[in-house]
Amino acid sequence: QITGPWKDAILYMLGNSQNSRYDSIFKKQFFDINQYKNLPLREFIDKLCENFPRYQRFVDGEYQIIPREKQKRFLERIICGEECFHFSEVGSGKTKVIMPLLCQIFLSSNVEAHQHLARGGKMKDVLVILVPEHLVPDACSQVYRHCLNLNFRQKYKVYDDILALLHDNVKLGPDCKTIFVTSFNQFKKALTYDPICRKVRPHREQILVVCDEVDDFLDRDKLVFNICCNKSNSFDQPTMDYYHETSYAAYHGNSYPSDACDSSPNPSYWRELHAKFVAIFHEIQDASKSLNKSFGIFNEKTLRHCTSSISHDIEGYKALIARPYESVNRAMPGSYYSDVERTIFLTFVILSEDIAKYNELFQSERKFITFEYWKEYLAELDYDELVYGHDNLAEITEKHPHTLGGLIKFLYVIILKRMEVRDKSKSVNSVDIIFNFDCIGFTGTPFLDNYPTSDYIRHQREDDIPPCIDRSFYAYTNENLPQGEFEKRFYRFQGQNNNVKVKYLSSDFMNDSLKIGEMETLEAIFNQESSSHDVMPVDGVKAAPFNVIVDLCGIFKLSTIYDVRSLILQHFGANCFHYIYHIDQIDGSDRVLCIKTQNDVAFDEEFYKYLCRTYGADLRDKIFFFVDNRNYIGKDVPYQLVFQKHFNLPLFVKSVVVAHDVEDFSKIWQAMGRSRTMNDTTFSIYKSSISGEMNGEHGSEPIDIKKHPLTKLLYTRNCDCKMAGNLSSIYQTLIALYNLSKNSFYYSDEIVNTFIEKMEQTIMKKVSRLEEKLAGVLTEHIVPARILQHIFGDKFGRSSNKAISENGLSVDMVN
């Protein structure tokens, strides 16, 4: 039995007893922010910033992070500004300074701050922090570091899983302030659960959503999140035969198989499907594209082994159906392409190119090969040996290559039978969240579509939608800006990164080099950079033309960091680079690989200090930074600012951004922003289809990015596209307006299997019903109609087509 002081201590920690002596000890470790309840907001922010260094490491006689005056004013603008979203240049401390200070302000009782955070609605007692998937661990660590020792004995809770709302004991209310830290899609997923909706919907006016990298959150291609439950398909034998004949013809370059498919109930569907399969086949042949064959095909060649989660690799390898990659190097467990027809064709491609993958399936199913099927397709084999033999599938096709077609058809039909289709579908998109919750957010690439805020909708306003972000630095094609005016606007966009030197280079050579291999492509980049710069050996050691590469478009999907090491050894020798920085694919942590010993260790403060003691200012010449496609948004490669402050040199000497087929300037700027010293880092941007006049007037020398003609083209095109949106973003806006009228966070889609509806010729009736349903919202409810009119009016007004931009948009036209 526990007695005495141990019992007192345990009861105190469980909250079951009071102890003034313990209180006096622990209270010293807490920061009482409630003492500033009545302080004016600006002075309150100053007090928080004075306390901020106590959460930072003390290195080289100073704290690592001390909030700057500019960051204080930006925080004040976020809280007080009329716009809900705000721009601060890349590398300005949004995640490590602004977000934790926002959380502290939320947990405070400061009167002026909470009046502004109410955003015209009710006082907030729940804060939801939204960040991209790969930044969730970092966001959680920042919130924990800065928020777990505030206001001694005040009850508040911090959750790192939004699905905690499913538990009955997680309650929302003013008695206990609550912070949730989660990813964009996880929050959308949570809003498809009815128990969570019942808990959140009546309380939504007391919830404040803070969104980091808000441009990624509102990216027109990432707006919607679907969650589906599946069921077995009901394909009959003729349907599976049609799929096989169509896939076979497209894969082998044959014309539409009219003899086989024209007898179907809907020949036009199979004709269109054949054309689609042909287009997919041509697409996946181009290995240089960001989305290509390697994304849809998960086989032995594309298998990327990861010691900490090998089970996912094995699961992905054994899956019978083509699976998409979560980003660039692994399959997403339990997920398939939303485009089922694409999945079906890519499955046929896998079956044709990696038949050994299906050895186990064949072994379990071979006994079901009928005598009639054998006689028609596999007669050159001995029937008993085929059905009861021991040779595996790969061995049979190697000995008897003419049987490959018959065996593929046999297995393809089995796989199609096992393929599940959607039963029910729920979807939540980013616009639903903007419409239903008071939101604030920030980004370093502020190219956003314009939406009405929750407060605008709450008050049923019909006037023009206020800008959700400052657009004064946007440049549109239809403005036809002179170069000087463009540079002024771009300068405002750059902020402190106002002296960035870049050179655009053609990446067309990758179309050929990637047919050979990914490391051959990286070597071609090494050679290209070496040939365009006079890089002389120092003390017999071959010098590197750059020390950073950012794989923006996912060129190096299949290569491991050990492949990169081998190439660096081969190309530069053992004495050029000594380490390779990379980002762990499982937990997103910072790692460095020793080129000599192949030891892979954490890139933490202790190891950074060791490197500085060993190399001093030459460290930047000894470490090669490899930033993969998953981490080009928001990832903070550490110690750059510390290194520059100590040695007065940038850690990133020259950064190569592999953009290739990426047209989105926001993404290119984000990739460049992995350098936190952009004014002191030189950039080479590899881009496909660069014409001669787009290379500028300065030949091989890097120039100011805002003076480059290609920058102006990409930037204005980016502003046009972000404003115009696309069919998907416009449709999702309509759906969000419909959900708003029905008081629902999510939309239950009636058209869940588009390909089946097209095949069975029922799609037009369902589309017509959907059209009537959406139109009914606009004719019966004036507020959604006005919102849509304003959104479309803004889009059309910025169109590069004068016939569209010069004509207004009336409610009748919207209807």
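Residues numbered from 1 in each chain as written. Predicted model: local features only at pLDDT ≥ 70, side-chain atom pairs only at ≥ 80, totals over all residues. Heavy atoms only, no water.

Regarding the overall build of the protein chain
If you tally the helices and strands in the protein chain, you get 37 helices and 20 strands. Taken across its 815 residues, the protein chain has 54% of its residues classed as buried. Contacts spanning at least 24 positions in sequence make up 74% of the contacts within the protein chain whose residues lie at least 6 apart. Carbon and sulfur atoms provide 50% of the accessible area of the protein chain, an area that totals close to 36400 Å². (Helix = DSSP H or I, 4+ residues; strand = E, 2+ residues; numbered from the N terminus. Buried < 20%, exposed > 50% of the residue type's maximum accessible area, 1.4 Å probe, protein only. Contact = heavy atoms within 4.5 Å. Areas by Shrake-Rupley, 256 points an atom, 1.4 Å probe, with all protein chains shown as cover.)

Let's talk about the packing of aromatic side chains
Applying the stated criterion across every chain yields a total of 59 aromatic pairs. When the ring of F509 is compared with that of Y686, the centres are 6.1 Å apart and the planes differ by 85 degrees; the resulting orientation is edge-to-face. Here F509 is found in the loop between β11 (501-506) and α25 (510-516), whereas its partner Y686 is found in strand β18 (residues 682-687), with 177 residues between them in sequence. Residue F509 is classed as partly exposed on the basis of its relative accessible area of 24%. Taken together, the ring pairs connect F87, F447, F473, Y474, Y476, F486, F490, F493, F665, W669 and Y715 into an aromatic cluster. (Phe/Tyr/Trp six-rings, centres within 6.5 Å; stacked < 30°, edge-to-face > 60°.)

Looking at the sheet that holds strand β5 (residues 156-159)
Pairing is parallel in the open sheet, where six strands are placed in the order β3-β10-β7-β4-β6-β5. Looking at which strands have only one partner, the edges of the open sheet turn out to be β3 (85-87) and β5. For this sheet, the mean angle separating the axes of adjacent strands, direction not counted, is 15 degrees. Of the strand pairs in this sheet, β5 and strand β6 (residues 177-183) are connected by four bridges, and their pairing is parallel. Across the sheet, V158 pairs through a bridge with I179, a residue of β6. Of the strands in this sheet, β3 and β10 (438-443) are in contact with helix α4 (residues 69-80), which crosses β3 at around 160 degrees. (Pairing = 2+ DSSP bridges. Axes fitted to C-alpha atoms, helices over the stretch in contact; angles between N-to-C directions.)

Observations concerning helix α21 (residues 404-418)
Given 3.6 residues to a turn, an α-helix orients residues that are three or four positions apart in the same direction. In a regular helix each residue adds 1.5 Å, so 15 residues correspond to 21 Å; α21 covers 21 Å between its end C-alpha atoms and thus fits that length. In terms of residue burial, α21 counts as a mostly covered element, since eleven of its 15 residues are buried. On the buried face of α21, the contacting elements are α11 (237-251), α16 (340-353), α17 (359-365), α18 (371-377), α19 (383-388) and α20 (393-399). (Expected span 1.5 Å × (residues − 1).)

Some points on the state of the cysteines
The term disulfide refers to a covalent linkage connecting the sulfur atoms of a pair of cysteines. Here the structure, examined in full by the defined rule, presents zero disulfides. C211 carries a free sulfur, and the closest cysteine sulfur to it, the one in C439, is 7.5 Å from it. Taking the relative accessible area as the measure of exposure, C211 reaches 2% and is therefore buried. (Disulfide = S-S within 2.5 Å.)

Looking at unusual backbone geometry
One non-glycine residue, Q598, adopts positive backbone phi at about 65 degrees. Along the chain, Q598 turns up in the loop between β14 (590-594) and β15 (600-602). On the accessibility criterion, Q598 (38% relative accessible area) is partly exposed. A positive phi angle, close to 65 degrees, is found at Q761, a residue other than glycine. Along the chain, the position of Q761 falls in the loop between α33 (754-759) and α34 (763-780).

Quick notes on helix α31 (residues 709-724)
With 16 residues, α31 should reach 22 Å at 1.5 Å per residue; the first-to-last C-alpha distance of 23 Å fits that figure. The set of residues buried in α31 consists of L710, T711, L714, Y715, T716, N718, C719, D720, K722 and M723. Looking at the buried side of α31, the elements it contacts are α24 (483-494), β11, α30 (665-672), β18 and α35 (782-797).

Re the sheet that holds strand β19 (residues 703-704)
Sheet architecture is open: nine strands sit in the order β15-β14-β13-β16-β12-β17-β18-β11-β19, paired in mixed fashion. On the outer flanks of this sheet lie β15 and β19, each paired with one strand and no other. When strand β13 (residues 579-583) meets strand β16 (residues 623-627), the two strands line up parallel, connected through three bridges. Bridge pairing in β16 places Y579 opposite I623.

Here's the deal with the packing of α11 against α21
For the pair α11 and α21, interaxial distance at closest approach is 10 Å and the crossing angle is 125 degrees. Considering the angle they form, α11 stands oblique to α21. The way α11 lies across α21 gives a crossing that is right-handed. Every residue of α21 that contacts α11 at Q237, M240, D241, Y243, H244, E245 and S247 is listed here: K409, Y412, V413, L416 and K417. Here the contact of α11 with α21 is built from residues that sort into five nonpolar, three polar and four charged. (Parallel < 35°, antiparallel > 145°, perpendicular 65-115°, else oblique. Left-handed = near helix turned anticlockwise from the far one by under 90°. Nonpolar A, V, L, I, M, F, W, Y, C, P; charged D, E, K, R; others polar.)

Details of the side chain of Q142
With respect to the helices and strands, the residue Q142 is situated in helix α7 (residues 136-147). Filtering out sequence-adjacent residues up to four positions away, Q142 remains in contact with T95, K96 and P100.

Comments concerning a nonpolar patch on the surface
A cluster of nonpolar side chains, namely I2, W6, I10 and L14, defines an oily patch on the protein surface of about 480 Å² accessible area. Looking at the secondary structure, you find L14 in the loop between α1 (4-13) and α2 (20-26). (Patch = residues over 30% accessible without salt bridge, like charges linked within 9 Å, V, L, I, M, F, W, Y side chains within 5 Å. Salt bridge = Lys/Arg side-chain N within 4 Å of Asp/Glu carboxyl O.)

Details of the side chain of N497
On the secondary structure map, N497 appears in the loop between α24 and β11. Residue class for N497 comes out buried when judged on its relative accessible area of 5%. Residue contacts for N497: discarding those within four places in its chain leaves E89, V90, W669, M678 and N679.

Details of the pattern of salt bridges
Per the counting criterion, the structure on display carries 31 salt bridges. Salt-bridge contacts for R73 lead to E69; the nearest nitrogen and oxygen are separated by 2.1 Å. Taken together, the positions of R73 and E69, both in helix α4 and four residues apart, correspond to about one turn of that helix. Residue classification places R73 among the partly exposed residues on the basis of a relative accessible area of 22%. Here the residues in one salt-bridge network are R42, D46, E69, K72, R73 and E76, joined through shared partners.

Let's talk about the environment of Y456
Take Y456: it is sitting in helix α23 (residues 454-458). Distance in space between the C-alpha atoms of Y456 and G120 is 9.2 Å, their sequence separation being 336 residues. Setting aside residues no more than four positions away along its own chain, Y456 makes contact with R461, E462, D463, D464, I465, P466, I787 and H790. Looking at Y456, its side chain comes within polar contact range of the main-chain oxygen of D463, at 2.4 Å. (Polar contact = N/O pair within 3.5 Å; in protein donor to acceptor, adjacent residues only side chain to side chain.)

Points about the confidence of the model for the protein chain
Per-residue pLDDT for the protein chain has a mean of 84; in total, 88% of the residues score no lower than 70. Mean pLDDT per element in the protein chain: helix α15 (residues 310-318) is the minimum at 40, and strand β4 (residues 126-131) is the maximum at 96. Counted against residues more than four places away or in other chains, residues 290-318, with its pLDDT under 50, gives 79 contacts. (pLDDT = per-residue confidence, 0-100.)

Looking at the environment of I45
Tracing the chain through its elements places I45 in helix α3 (residues 41-51). Considering only alpha carbons, one finds I45 and R73, 28 residues apart in sequence, at a separation of 9.0 Å. For I45, the contacting residues outside a window of four places in its chain are K72, L75, E76 and I105.

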